[in-house]
Amino acid sequence: MKKTVRRLADGRELIYFDRHDDAVRDAVDRRPLEPVTSASEIRHDPLLGENVAIASHRQGRIYHPPADTCPLCPSTEDWQSEIPAADYEVAVFENRFPSLSGENGRCEVVCFTADHKASFADLGEDQAALVLAAWTDRTAELSARPGVEQVYCFENRGAEIGVTLAHPHGQIYAFPFTTPRTATMLRNAVEHRARTGRNLFEDVLAHERAEGGRVVLAGEHWTAYVPYAARWPYEVHLQPHRRVADLTGLDEEARTEFPRLYLELLRRFDRIFGTDEPPTPYIAAWHQAPVTGAGREEFALHLELFTVRRASGKLKYLAGTESGMGAFMNDVSPESAADRLREVASS
């Protein structure tokens with residue numbers, strides 16, 4: 001992999017990732033951009049003990065632009081995008097409208113491909129492996145930045161999720177705090193270790209693999225399963241068999257196998273509701289350990305993939321119980337979800 005670092009016209013960092021060492025990325029951003037000014041603020045909720053990012057400047061971010069003015073496509077003579085190059089493989093750049101910035105963290109955009117009409121599921125295994133390499137690189141670099149406590153790589157896909165740019169892309173947030181869900185998992189893992197002498201994540205994975213009824217697909221180094229207490233109609237956790245804290249800990253065997261399994265999983269998601277349905281909206285979220293702090297050694301890297309669609313033409317809304325109380329009610333049993341995801345396997 002070749003990594004090339006450039007600067008956009010307003011000073012933001014742009015990074016190209018290429019599979020071949022002879023790739024040349026010397027295009028210059030010629031847009032007359034003013035320096036980015038953001039006013040993100042972290043406020044603490046004393047009742048819940050959680051942090052909230054206030055980022056009112058994001059109200060003016062780009063919203064559903066026409067395809068010929070997509071800011072994530074390669075630049076042309078007629079249109080200068082966020083990526084000056086006429087083509088690229090994977091590109092990462094600082095978000096122009098970040099939720100976190102300065103002392104309050106950093107937000108990056110990850111463009112998976114130059115093809116505006118593609119999706120992650122359309123990528124080849126080599127391209128998916130390059131995205132994994134980019135996620136890993138950014139996890140390592142952002143984790144080393146002062147003040148960063150957790151790195152979160154994720155993809156939102158579909159208007160139902162709230163995506164405002166159709167181009168296939170994801171994001172990376174470098175949080176200045178440990179996110180609430182991660183803190184809860186860590187606390188439970190530490191308590192499980194004290195109670196049993198074993199690792200919680202390893203025990204959950206071993207149970208799912210032994211029971212088998214909720215396993216969707218498995219390889220030599222990864223297993224994908226629907227959790228016993230899944231919150232979402234179709235929710236899958238993809239976890240490496242060898243426990244590591246974050247993406248930087250994966251060995252070569254796990255990295256090599258990941259693209260095939262993950263692409264198959266995404267393609268199954270697109271077939272859940274039939275080929276006549278629009279592409280399945282989903283969130284793909286990498287759960288990684290905090291950079292520092294007690295309990296980090298108990299965490300296990302895993303990817304969570306879920307959709308808000310519960311049936312053909314029907315969405316799962318987070319209404320009174322979920323949004324008001326944080327108590328999830330799932331309309332689809334995890335066992336039937338796993339059955340369906342096995343039914344739609346590639347032939």
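As the structure is a computational prediction, the values presented were derived from the model and not from experiment.

Colleague: Give me the overall build of the chain: which residues, what numbers.
Modeller: Scanning the chain from terminus to terminus reveals six helices and 15 strands. For 347 residues, the compact-globule formula gives about 20 Å, and the C-alpha radius of gyration of the chain, at 20 Å, lands near that figure. Counting only C-alpha atoms, the chain reaches 60 × 50 × 45 Å along its principal axes. Counting the 347 residues in the chain, one finds 49% classified as buried. At a minimum sequence separation of 6, the contacts of the chain that also span at least 24 residues come to 63%.

Colleague: Tell me about helix 1 (residues 125-143), and please be specific about residues and values.
Modeller: End to end, helix 1 covers 27 Å across 19 residues, agreeing with the expected 27 Å (1.5 Å per residue, within 8%). Listing the buried residues of helix 1 in full gives Gln127, Ala128, Leu130, Val131, Leu132, Ala134, Trp135, Thr136, Asp137, Arg138, Thr139 and Leu142.

Colleague: How would you summarise the nonpolar core if you had to cite specific residues and measurements?
Modeller: Counting 53 residues, the largest nonpolar core has Phe120, Trp135, Phe258, Tyr262 and Trp286 as the members making the most contacts within it. Of all the elements, helix 4 (residues 252-269) adds the most residues to this core, at eight residues. Contacts of phenylalanine 120, omitting those with residues within four sequence positions, involve Phe112, Ala128, Val131, Trp135, Glu155, Tyr262, Leu263, Leu266 and Tyr282. In this structure, Leu14, Tyr16, Tyr88 and Ala91 belong to the second largest nonpolar core, which totals 15 residues.

Colleague: An account of the packing of aromatic side chains is needed here, citing residue identities and associated values.
Modeller: Tallied over the entire structure, the rule returns 17 aromatic pairs. Ring geometry for tryptophan 222 and tryptophan 286: centres 6.3 Å apart, planes at 65 degrees, overall edge-to-face. Here the residue tryptophan 222 occupies a position in strand 10 (residues 222-225), and tryptophan 286 occupies one in strand 12 (residues 282-287), the gap between them amounting to 64 residues. Taken individually, tryptophan 222 and tryptophan 286 each receive the classification buried, so the pair is uniform in this respect. One aromatic cluster is present, formed by Phe112, Phe120, Trp135, Trp222, Phe258, Tyr262 and Trp286 through successive ring pairs. In this structure, arginine 25 packs its charged tip against the face of tyrosine 16, placed 5.6 Å from the ring centre.

Colleague: Requested: an account of the packing of helix 2 (residues 180-196) against helix 3 (residues 200-211), with residues and values cited.
Modeller: Where helix 2 meets helix 3, the closest approach of the two axes is 8 Å, and the angle between their N-to-C directions is 85 degrees. By the angle between their axes, helix 2 is roughly perpendicular relative to helix 3. Along the contact surface, helix 2 presents Met185, Asn188, Ala189 and His192, while helix 3 presents Leu200, Phe201 and Asp203. For the contact of helix 2 with helix 3, the residue count by class is four nonpolar, two polar and one charged.

Colleague: Explain the side chain of serine 119 residue by residue, including any values.
Modeller: Position of serine 119 relative to the elements: it lies in the loop between strand 6 (106-111) and helix 1. Not counting residues up to four positions away in its chain, the partners in contact with serine 119 are Arg157 and Pro168.

Colleague: How would you summarise the pairing of strand 4 (residues 50-54) if you had to cite specific residues and measurements?
Modeller: Of the pairings in the sheet, the one linking strand 3 (residues 41-45) to strand 4 comprises five bridges and is antiparallel in character. By the bridge assignment, aspartate 45 is partnered in strand 4 with glutamate 50. Between strand 3 and strand 4, which pair antiparallel and follow one another directly, the connecting turn spans four residues, one of which, glycine 49, has a positive phi of 70 degrees.

Colleague: An account of helix 2 is requested, with residue identities and associated values reported.
Modeller: Taking 1.5 Å of rise per residue, 17 residues should cover 24 Å, and helix 2 covers 24 Å from first to last C-alpha, within 8% of that figure. For helix 2, every residue scored as buried is listed here: Thr182, Met185, Leu186, Ala189 and His192. The buried residues of helix 2 occupy an angular sector of 125 degrees when the element is viewed end-on, so they sit on one face. Facing away from the buried side of helix 2, by more than 90 degrees, are the exposed residues Ala194 and Arg195. Looking at the residues trailing helix 2, positive phi occurs at glycine 197, about 80 degrees.

Colleague: A description of the layout of surface pockets should follow, citing residues and the corresponding values.
Modeller: Here the largest pocket defines a volume of roughly 1500 Å³. Lining of the largest pocket is provided by 46 residues; of these, Arg181, Thr182, Met185, His287 and Glu304 occupy positions nearest its centre. In terms of residues, the lining of the largest pocket owes the most to one element, helix 2, which gives six residues. In the lining of the largest pocket, the residues fall into 25 nonpolar, 14 polar and seven charged.

Colleague: Quick rundown of the packing of helix 1 against helix 4? Include the residues and the values.
Modeller: Viewed as axis vectors pointing N to C, helix 1 and helix 4 meet at an angle of 115 degrees, and their least axial separation amounts to 9 Å. With respect to the hand of their crossing, helix 1 and helix 4 are arranged in right-handed fashion. Between helix 1 and helix 4, the contacting residues are Glu125, Ala128, Ala129, Leu132, Trp135 and Thr136 on the first element and Arg255, Phe258, Pro259, Arg260, Tyr262 and Leu263 on the second. Of the residues in the contact of helix 1 with helix 4, the class split is eight nonpolar, one polar and three charged.

Colleague: If you had to explain the sheet that holds strand 8 (residues 169-175) to someone new, which residues and values would you point to?
Modeller: Spatially, 11 strands are ordered 1-2-5-6-8-7-12-13-11-10-9 in an open sheet, and the strand pairing comes out antiparallel. On the outer flanks of this sheet lie strand 1 (2-7) and strand 9 (215-218), each paired with one strand and no other. Strand-to-strand twist in this sheet, taken as the mean axis angle between neighbours without regard to direction, amounts to 20 degrees. Note that strand 5 (residues 90-94) and strand 6 share four bridges and pair antiparallel. Directly across from glutamate 94, in strand 6, lies its bridge partner glutamate 108. Along the sheet, helix 3 makes contact with strand 9, strand 10, strand 11 (234-240) and strand 13 (302-307), crossing strand 10 at roughly 75 degrees.

Each value, and the rule that gives it
- Residues numbered from 1 in each chain as written.
- Predicted model: local features only at pLDDT ≥ 70, side-chain atom pairs only at ≥ 80, totals over all residues.
- Heavy atoms only, no water.
- Helix = DSSP H or I, 4+ residues; strand = E, 2+ residues; numbered from the N terminus.
- Rg over C-alpha atoms; globule rule 2.2 N^0.38 Å.
- Buried < 20%, exposed > 50% of the residue type's maximum accessible area, 1.4 Å probe, protein only.
- Contact = heavy atoms within 4.5 Å.
- Expected span 1.5 Å × (residues − 1).
- Core = buried A, V, L, I, M, F, W, Y, C linked by side-chain atoms within 4.5 Å.
- Phe/Tyr/Trp six-rings, centres within 6.5 Å; stacked < 30°, edge-to-face > 60°.
- Lys NZ or Arg CZ within 6 Å of the ring centre and 35° of its normal.
- Axes fitted to C-alpha atoms, helices over the stretch in contact; angles between N-to-C directions.
- Parallel < 35°, antiparallel > 145°, perpendicular 65-115°, else oblique.
- Nonpolar A, V, L, I, M, F, W, Y, C, P; charged D, E, K, R; others polar.
- Pairing = 2+ DSSP bridges.
- Arc of directions from axis to C-beta.
- 1 Å grid on protein atoms, 1.4 Å probe; cavity = no way out; pocket = protein on both sides within 12 Å on 5 of 7 lines; lining within 4 Å.
- Points joined across faces, edges and corners; volume = space filled by probe spheres on them.
- Left-handed = near helix turned anticlockwise from the far one by under 90°.

These figures capture arrangement, not role.
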